[in-house]
Amino acid sequence: TLFRSSMEKISAAYAKKGYYLASVDYRLETTEQGEARLVFDVRENQGVIVRRVTFVGNKVFKDKALRDVVKTKEKSFLGFLTGAGKYDEEKIKNDSLFLTYHYLNNGYLKVKVSPPKVTISKDKRYIFVTFNIHEGQQYKIGKVSLSGDILTTPEELTGLLKTRKGDIYSQKVLEEDLLMLTDRYGDEGYAYASINPITTPDDETLTADINIQASKGRRITIERINIEGNTTTRDKVIRREMELMENDRYSERLLRRSRERLMRLGYFEDVNFATPRGSRDDTMILNIIVKEKPTGSFNISAGFSTYEHFIFNASVQKENFFGYGISGSVSAELSRKRQLFMLSVNDPYFLDSNWSVGASGYRSAFSYTDFRREASGGDISLGRRFMDYFYAQLGYQAEYVKISDYSLAVPQVFRANDSGVTSALSLTLSFDVRDNRIYPRKGDYATVTQEISGTKLGGDNDFYRVNFRNSLDRKSVV
């Protein structure tokens with residue numbers, strides 16, 4: 001019947017996920033409108049557990065080493081945290097590919113891994129997985145050559161390869177070399193270059209000659225750039241980060257750097273490029289697909305303490321105002337002992353140039369045990385980028401401080417030098433290669449600021465100071 005067929009399909013779907021003990025039944029219910037409703041009752045029960053993963057025919061690598069290669073893991077004590085022992089049919093099928101790739105990376109060109117044999121225990125609670133492997137012989141690399149369309153000379157290009165004569169054959173290293181050559185051809189404008197290896201093994205010498213055939217095709221020009229997915233960010237904010245424009249010659253390196261610059265903004269979860277052919281064979285359309293993410297935050301909090309009594313905090317911060325890339329923030333803190341108000345704004349591409357302009361202002365008051373300090377001030381800055389990763393900024397800061405409500409414990413010498421104006425100039429040099437300016441995961445950041453204040457600048461305080469900040473990551477994106 002149709003009901004029985006549906007139940008079998010549901011059971012098969014559960015079995016595919018490892019729930020061989022799942023039971024399915026059905027019942028008919030009558031609604032208030034007099035209609036019949038079909039309800040399937042499913043009882044999943046416990047999923048099947050991978051009890052043992054074994055390998056047959058392996059002599060070079062021990063079972064323990066191969067178990068580290070496959071994604072299917074045996075049930076372990078910490079399996080509820082790591083997921084070990086969970087049955088996954090697709091994962092088991094892919095494990096044959098992982099094993100093959102592992103052997104190819106170690107020189108076994110003629111390895112054969114049969115589809116895994118999966119058996120289930122009588123009580124349908126445990127799975128046993130067996131991989132049959134024919135390893136074959138290990139091959140070393142023989143002659144390495146290039147043919148076809150050579151950009152410079154075969155000797156120069158082969159000198160760039162990591163695949164070298166006498167080394168043990170490695171599929172991974174060869175793939176890295178092919179990617180490097182594809183990028184090299186792409187940097188010269190050959191976006192659709194075809195780079196294919198022909199491997200010729202010699203069973204007597206156990207070597208494999210590799211001939212890399214290159215077909216560069218036509219040199220490509222960017223015909224048009226389209227932007228998709230930017231519901232908030234303006235097109236010009238994205239275009240100004242691009243190092244490729246319309247009518248430019250295609251470059252794989254500049255395309256990669258453009259993506260890095262867009263991701264570094266911190267406005268997008270992901271940035272992808274699609275490069276379909278243009279109206280002619282020597283042109284392409286560059287489609288930029290971005291996925292935006294929230295770039296603002298709003299925080300509000302309140303509390304109570306015996307010292308400050310009621311405490312209130314609120315702040316609003318936005319990194320991409322109205323999609324123009326302008327950042328700004330407003331914050332306030334209020335209590336019986338302190339008050340603080342701050343406002344800041346920064347335009348990293350003032351008037352669509354490489355110059356940045358920023359300004360901020362604040363007012364604060366804090367009642368200490370022996371005196372009250374009030375301050376108000378602000379700063380303005382002008383900066384510019386150099387060579388992508390370097391930034392210089394010149395700033396001016398002014399602050400007025402007033403001290404009042406002294407207690408008898410404060411010495412007279414302190415009262416005589418309390419209030420006054422600070423007028424200071426600053427120069428900041430920065431180096432920034434973080435992958436994301438707002439939420440960095442890797443990259444380096446360093447900044448040094450020199451600040452000088454004095455009566456010649458209209459202030460009451462004379463000083464010179466240097467601040468240095470550094471954040472290093474060995475996995476630099478440069």
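Look above for the structure.
Please read these numbers as outputs of a predicted model, since none were measured by experiment.

Some remarks on the environment of Lys402
Within the fold, Lys402 resides in strand S19 (residues 390-404). Expressed as a C-alpha distance, the spacing of Lys402 and Ser419, which sit 17 residues apart in the sequence, is 4.5 Å. Excluding residues that lie within four positions of it along the chain, Lys402 makes contacts with Arg372, Arg373, Glu374 and Ser419.

Let's talk about the side chain of Thr428
Among the secondary structure elements, Thr428 is positioned in strand S20 (residues 420-432). Within the structure, Thr428 has its side chain in polar contact with the side chain of Thr449 (distance 3.0 Å). Non-local contacts of Thr428, meaning those with residues more than four positions away in its chain, are made with Tyr391, Ala392, Gln393, Thr447, Val448 and Thr449.

Describing the packing of aromatic side chains
For any two aromatic rings, the description comes down to two numbers: the centre-to-centre distance and the angle of the planes. Inspection of the entire model under this criterion finds nine aromatic pairs. Here Phe61 and Tyr108 contribute two aromatic rings whose centre-to-centre distance is 6.4 Å and whose plane-to-plane angle is 70°, an arrangement assigned as edge-to-face. One end of the pair, Phe61, is in the loop between strand S3 (49-56) and helix H2 (63-69); the other, Tyr108, is in the loop between helix H4 (89-104) and strand S4 (112-113), and 47 residues separate them in sequence. The class for Tyr108 is buried, based on a relative accessible area of 8%. Aromatic side chains Phe390 and Phe431 sit 5.2 Å apart centroid to centroid with 45° between the ring planes, which places their arrangement in the tilted category. Of this pair, Phe390 sits in strand S19 while Phe431 sits in strand S20, and the two are 41 residues apart along the sequence. On the basis of relative accessibility, which here comes to 38%, the residue Phe390 falls in the partly exposed class. Chaining the aromatic ring pairs together yields one cluster made of Phe61, Tyr103 and Tyr108. Sitting over the face of the ring of Tyr126, Arg51 holds its NZ or CZ atom 4.6 Å from the ring centroid. A cation over a ring is seen here: Lys71 above Phe98, with NZ or CZ 5.4 Å from the ring centre.

Brief notes about a nonpolar patch on the surface
A surface patch of nonpolar side chains, amounting to about 630 Å² of accessible area, comprises Ile380, Tyr396, Leu425, Ile452, Leu457, Tyr464 and Val466. Relative to the elements of secondary structure, Tyr464 occurs in strand S22 (residues 463-471).

With respect to the nonpolar core
Grouped together as the largest cluster of nonpolar side chains are 21 residues, with contacts concentrated most on Ile238, Leu262, Phe268, Val271, Leu286 and Ile288. If you list the elements that add at least two residues to this core, you get strand S10 (221-228), helix H7 (235-239), helix H8 (252-264), strand S11 (268-274) and strand S12 (283-292). When near neighbours in sequence (up to four residues on either side) are disregarded, Leu262 contacts Ile238, Glu241, Met242, Phe268, Val271, Phe273 and Ile288. If you look at the next biggest cluster of nonpolar residues, it comprises 20 residues, including Val48, Tyr87, Val111 and Ile127.

Things to note about the sheet that holds strand S9 (residues 207-215)
Ordered in space as S7-S9-S8, the three strands form an open sheet in which the pairing is mixed. Each edge of the sheet is formed by a strand with only one pairing partner; in this case those strands are strand S7 (140-148) and strand S8 (194-202). The average angle at which neighbouring strand axes cross in this sheet is 20°, direction not considered. Here S7 runs beside S9; their pairing, made up of seven bridges, is parallel. Along S9, the bridge assignment pairs Ser145 with Asn211. Its contacts with the sheet place helix H6 (residues 171-187) against S7, S8 and S9, and it is angled at close to 150° to S8.

A look at the sheet that holds S22
The ten strands are arranged S13-S14-S15-S16-S17-S18-S19-S20-S21-S22 in an open sheet whose pairing can be described as antiparallel. If you trace the sheet from one side to the other, it starts and ends with strand S13 (296-305) and S22, each paired once. Across the sheet, the mean angle separating the axes of adjacent strands is 10° when strand polarity is ignored. Relative to S22, strand S21 (residues 445-453) runs antiparallel, the two sharing nine bridges. Bridge assignment links Ser453 to a residue of S22, and that residue is Phe463.

Observations regarding H6
Relative to the 24 Å expected for 17 residues at 1.5 Å per residue, H6 spans 24 Å between its end C-alpha atoms, a close match to the ideal helical length. All of the buried residues along H6 are Gln171, Leu174, Asp177, Leu178, Leu181, Asp183, Tyr185 and Gly186. Within two residues after H6, Gly189 carries a phi angle of roughly 100°, on the positive side.

Conventions and cut-offs
- Residues numbered from 1 in each chain as written.
- Predicted model: local features only at pLDDT ≥ 70, side-chain atom pairs only at ≥ 80, totals over all residues.
- Heavy atoms only, no water.
- Helix = DSSP H or I, 4+ residues; strand = E, 2+ residues; numbered from the N terminus.
- Contact = heavy atoms within 4.5 Å.
- Polar contact = N/O pair within 3.5 Å; in protein donor to acceptor, adjacent residues only side chain to side chain.
- Phe/Tyr/Trp six-rings, centres within 6.5 Å; stacked < 30°, edge-to-face > 60°.
- Buried < 20%, exposed > 50% of the residue type's maximum accessible area, 1.4 Å probe, protein only.
- Lys NZ or Arg CZ within 6 Å of the ring centre and 35° of its normal.
- Patch = residues over 30% accessible without salt bridge, like charges linked within 9 Å, V, L, I, M, F, W, Y side chains within 5 Å.
- Areas by Shrake-Rupley, 256 points an atom, 1.4 Å probe, with all protein chains shown as cover.
- Salt bridge = Lys/Arg side-chain N within 4 Å of Asp/Glu carboxyl O.
- Core = buried A, V, L, I, M, F, W, Y, C linked by side-chain atoms within 4.5 Å.
- Pairing = 2+ DSSP bridges.
- Axes fitted to C-alpha atoms, helices over the stretch in contact; angles between N-to-C directions.
- Expected span 1.5 Å × (residues − 1).

So yeah, pure geometry; function would need other evidence.
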